[in-house]
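Observations on the model geometry
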Amino acid sequence: MHKRAIEIKEKLLGPDDYEVALSIGHLASLYNYDMKKYEEAEQLYLRSIDIGIRLLGNTYSGLEYDYRGLIKLYSKTQQYQKLLHYQSIYDEYKQCVLIKMSQSRDSTVGSVSHMTVDEIKSEFFRMLST
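Presented here is an overview of the structure given in this document. Here the residue numbers are simple positions, counted from 1 along each chain's written sequence. Owing to the predicted nature of the model, reporting of local features is limited to residues with pLDDT of at least 70; listing and counting of side-chain atom pairs is limited to 80 or more, with chain, interface and lining totals taken over all residues. Only hydrogens and water are set aside; all other atoms, that is, all heavy atoms of the structure, feed into the side-chain values.

A closer look at helix 2 (residues 18-35)
- A run of H or I in DSSP counts as a helix once it spans at least four residues, and a run of E counts as a strand once it spans at least two, with each numbered from the N terminus. Each residue after the first adds 1.5 Å to the expected span of a helix. The end-to-end C-alpha distance of helix 2 is 24 Å, a good match for the 26 Å that 18 residues give at a rise of 1.5 Å each.
- Here's how the labels work: a residue is buried when its accessible area is under 20% of the maximum for its type, exposed when over 50%, partly exposed in between, all with a 1.4 Å probe on protein chains only. What helix 2 keeps buried is the set V20, A21, S23, I24, G25, L27, A28, Y31 and N32.
- On the buried face of helix 2, the contacting elements are helix 1 (2-13), helix 3 (38-56) and helix 4 (63-76).
- Structurally, the start of helix 2 carries an N-cap: the backbone nitrogen of E19 is 2.8 Å from a side-chain oxygen of D17.
- Residue K36 follows helix 2 closely and has a positive phi angle near 60°. Residues are treated as being in contact if the distance between any of their heavy atoms lies within 4.5 Å. Nitrogen and oxygen atoms within 3.5 Å of one another constitute a polar contact, given that in protein one can donate a hydrogen and the other can accept it, and given that sequence-neighbouring residues count only through two side-chain atoms.

Written as structure tokens, this is what we have:
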């Protein structure tokens, strides 16, 4: 059913639409976490990441789920070089998000942030858990 939904969205919206990327990411997670179809999941995660970055930039919040899914997939399949590569990309992604959050906070309140990096990290992870 997920595949059919993706096909319909691709026809209606185009293959690189945001909604297509979301559905692809969801199907990748289903394959990865529930069905153990790791090769299919990997290709879908990579496609979802590609679309997300092209449409919404490298700090798009949906990327986190795809990166984390890939990291778990590579761990389960013992593909440690790929795991390390995407762990590095994920770590860089998190830093970019923290910077963007800090800049957004600064522009919202109209002043320079006086938060330390550790405070920013704590706030970031607090926001993730809510």
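What to know about helix 4
- The end-to-end C-alpha distance of helix 4 is 20 Å, a good match for the 20 Å that 14 residues give at a rise of 1.5 Å each.
- All buried positions along helix 4 are accounted for by L63, E64, D66, Y67, G69, L70, I71, L73 and Y74.
- Downstream of helix 4 by one or two residues, Q78 has phi in the positive range, about 55°.

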